[in-house]
Amino acid sequence: MRADRALRVVLAEDSVLLREGLIGLLSRFGHEAVAAVGDAQALVAAVEEHTPDIVVTDVRMPPDFQHEGLHAAVRLRETRPSLPVLVLSQYVQRSYASELLDSGDGSGVGYLLKDRVGQVQEFQSALLEVAGGGTVVDPEVVRQLLRRRRDPLERLTPREREVLALVAEGRSNTAVARQLVVSEAAVGKHIGNILAKLDLPQADETHRRVLAVLAFLRA
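If you check an unreviewed UniProt entry, the protein appears there as Response regulator from Streptomyces polyrhachis.

So, in structure tokens, the structure goes:
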């Protein structure tokens, strides 16, 4: 469903130049930036104050320039599940995209690369789609998410792959530890990380090890 009305937007972007550019772009299409802020804390406060139709936010913001903007958006959608959020990112971050898409009630979310903002009509379309409850994901992000599904082992470290390969050979934790000249506790930690990164369902340890081996053999 698309929103075809003028939108009230809370904008969060730490770059003053880009922030002012986005304000002008929103105005060009008849929308209003009811608040334009430069950090995640101010973003949360602005949403509380203005109850916007949509939030547009950068992923990385002060103070650490990690994922403050994204986490603020996810937190907002915990209390306002239907709050539309369009996230802008400089780079493809699959984990960020997945976290956003899983937030709230699953509707009204978008993840675009900042390069896409330069294509103004495409940005406008994405804004309207998300505000209307739709989902918009940058094509490059989609490609990388699909690539991740094709290779579930991509998230594993070289050591974790080595441990999983030995488990696939039917070796016990003791035998794996002996082969790699590490402690059994270290092997247990590696296996725990492997099971978590492969997003295997909660079940008994033996069953999850079998599923991990199957993932290894299919990759």
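Attention now moves to the side chain of Arg19. With respect to the helices and strands, Arg19 occurs in helix 1 (residues 16-28). For the buried Arg19, which has no salt bridge, the nearest side chain bearing the opposite charge is Glu20, at an N-O separation of 4.8 Å. If near-sequence neighbours (up to four positions away) are discounted, Arg19 is found in contact with Leu11, Glu13, Asp14, Ala36, Val37 and Gly38.

Let us now look at helix 7 (residues 158-168). Along helix 7, the positions that sit buried rather than exposed are Glu160, Val163, Leu164, Leu166 and Val167. Take helix 7 and look down its axis: the buried residues cluster within an arc of 160 degrees, on one side only. Following helix 7 by one or two positions, Gly170 has its phi on the positive side, about 90 degrees.

Before going further, it helps to spend a moment on empty space enclosed by the protein. In total, this model carries one cavity of 30 Å³ or more according to the counting rule given. A volume near 40 Å³ is recorded for the largest cavity. The wall of the largest cavity is formed by Leu164, Val167, Ile191, Ile194, Leu195, Arg209 and Ala212. Elements represented by at least two residues in the lining of the largest cavity include exactly helix 7, helix 9 (184-197) and helix 10 (205-218). No other element matches helix 9, which puts three residues into the lining of the largest cavity. Within the lining of the largest cavity, the residues separate by chemical class into six nonpolar, no polar and one charged.

It is worth spelling out the environment of Ala35 at this point. Along the polypeptide, Ala35 turns up in strand 2 (residues 32-37). The spacing of Ala35 and Val9 is 26 residues in sequence and 7.1 Å in space, taken between C-alpha atoms. Setting aside residues no more than four positions away along its own chain, Ala35 makes contact with Val9, Val10, Leu11, Ala46 and His50.

Attention now moves to the nonpolar core. One finds Val10 and Leu43 to be the most contacted residues of the largest nonpolar core, which totals 25 residues. At the level of secondary structure, the elements contributing two or more residues to this core comprise strand 1 (8-12), strand 2, helix 2 (40-50), helix 3 (68-79), strand 4 (85-89), helix 4 (94-101) and strand 5 (109-113). Here this core takes five residues from helix 3, the largest share from any one element. If we ignore the near neighbours within four places in the chain, the residues touching Leu43 are Val10, Ala12, Val37, Val55, Thr57, Gly69, Ala72 and Leu76.

What follows covers the side chain of Lys114. Structurally, Lys114 can be placed in the loop between strand 5 and helix 5 (120-131). A distance of 3.2 Å separates polar atoms of two side chains, one belonging to Lys114 and the other to Glu13. Non-local contacts of Lys114, meaning those with residues more than four positions away in its chain, are made with Glu13, Leu18, Asp58, Leu88, Ser89 and Gln90.

Counting across every chain of the model gives five salt bridges. A salt bridge links Lys114 to Asp58, with the shortest nitrogen-to-oxygen separation between them at 3.0 Å. Taken as a pair, Lys114 in the loop between strand 5 and helix 5 and Asp58 in strand 3 (residues 54-58) lie far apart in primary sequence, 56 residues in all. Overall, Lys114 belongs to the buried group, its relative accessible area being 16%. What makes Asp58 buried here is its relative accessible area of 6%.

What follows concerns the sheet that holds strand 1. On the basis of which strands lie adjacent, the open sheet formed by six strands has the order 2-1-3-4-5-6 and parallel pairing. Among the strands making up the open sheet, the edge pair consists of strand 2 and strand 6 (135-137). Averaged over all pairs of adjacent strands, the angle between strand axes in this sheet comes to 20 degrees, irrespective of strand direction. Relative to strand 2, helix 1 is tilted by about 170 degrees, and along the sheet it contacts strand 1, strand 2 and strand 4. Contacts between helix 5 and the sheet are confined to strand 3, strand 4, strand 5 and strand 6, with strand 4 contributing the most and set at about 145 degrees to the helix.

Cut-offs and rules
Residues numbered from 1 in each chain as written. Predicted model: local features only at pLDDT ≥ 70, side-chain atom pairs only at ≥ 80, totals over all residues. Heavy atoms only, no water. Helix = DSSP H or I, 4+ residues; strand = E, 2+ residues; numbered from the N terminus. Buried < 20%, exposed > 50% of the residue type's maximum accessible area, 1.4 Å probe, protein only. Lys, Arg positive; Asp, Glu negative; His and termini not counted. Salt bridge = Lys/Arg side-chain N within 4 Å of Asp/Glu carboxyl O. Contact = heavy atoms within 4.5 Å. Arc of directions from axis to C-beta. 1 Å grid on protein atoms, 1.4 Å probe; cavity = no way out; pocket = protein on both sides within 12 Å on 5 of 7 lines; lining within 4 Å. Points joined across faces, edges and corners; volume = space filled by probe spheres on them. Nonpolar A, V, L, I, M, F, W, Y, C, P; charged D, E, K, R; others polar. Core = buried A, V, L, I, M, F, W, Y, C linked by side-chain atoms within 4.5 Å. Polar contact = N/O pair within 3.5 Å; in protein donor to acceptor, adjacent residues only side chain to side chain. Pairing = 2+ DSSP bridges. Axes fitted to C-alpha atoms, helices over the stretch in contact; angles between N-to-C directions.

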